[in-house]
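Residue-level structural notes
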Amino acid sequence: MELSGKRVAVLAENMYQELELWYPLLRLREAGAETFVVGSGSADTYTSKAGYPVSVDVVADQVKAEDVDA
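Below: a short report on this structure. Computed from a predicted structure; not experimentally measured. By convention here, each chain's residues receive numbers from 1 onward along its written sequence. Where local features are concerned, this predicted model is filtered to residues with pLDDT of at least 70; where side-chain atom pairs are given and counted, the filter is 80 or more; whole-chain, interface and lining totals use all residues. Based on all heavy atoms of the structure, the side-chain values leave hydrogens and waters out of the count.

Quick notes on unusual backbone geometry
In this structure, Met15 takes a positive phi of about 70 degrees despite not being glycine. Mapped onto the fold, Met15 is located in the loop between β1 (7-11) and α1 (18-30). Each residue is placed in one exposure class: buried if its accessible area under a 1.4 Å probe, protein chains only, is under 20% of its type's maximum, exposed if it is over 50%, and partly exposed if it falls in between. On the accessibility criterion, Met15 (53% relative accessible area) is exposed. Secondary structure follows DSSP: runs of H or I at least 4 residues long count as helices, runs of E at least 2 residues long count as strands, and numbering of each begins at the N terminus.

See below:
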């Protein structure tokens, strides 16, 4: 599936499940989507249940529905 030109937000928070964040994020990037990690604003980096960090690209209150395709 080709997703070039599509913008996709992936949500993150502390204690996220690794496979629920990283697998979709990486697969969407492979398909050509512009992806970005959205956090609640409580931190710049969130840690998974197993201790893996993910950095936030943007805070949720700075994203509008019309800015993303998914």
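Moving on, there is more to tell.
Side note on the environment of Val68
With respect to the element layout, Val68 can be found in the segment after β5 (58-59). Residues Val68 and Gly41, spaced 27 residues apart in sequence, show a C-alpha to C-alpha distance of 18 Å. Every residue in contact with Val68, bar those within four places of it in the chain, is listed here: Arg7, Ala9, Phe36 and Val63. Working rule for contacts: check all heavy atoms of both residues, and any pair within 4.5 Å makes them a contact.

A closer look at the nonpolar core
One finds Val10, Ala12, Tyr16, Leu21, Leu25, Val37, Tyr46, Val54 and Val56 forming the largest nonpolar core, which totals 9 residues. Dropping the residues within four chain positions of it, Tyr46 is found in contact with Ala12, Glu13, Asn14, Tyr16, Gly39, Ser40, Gly41, Tyr52, Pro53, Val54 and Val56. Only buried Ala, Val, Leu, Ile, Met, Phe, Trp, Tyr and Cys residues count toward a nonpolar core, and they belong to the same one when joined by side-chain atoms within 4.5 Å.

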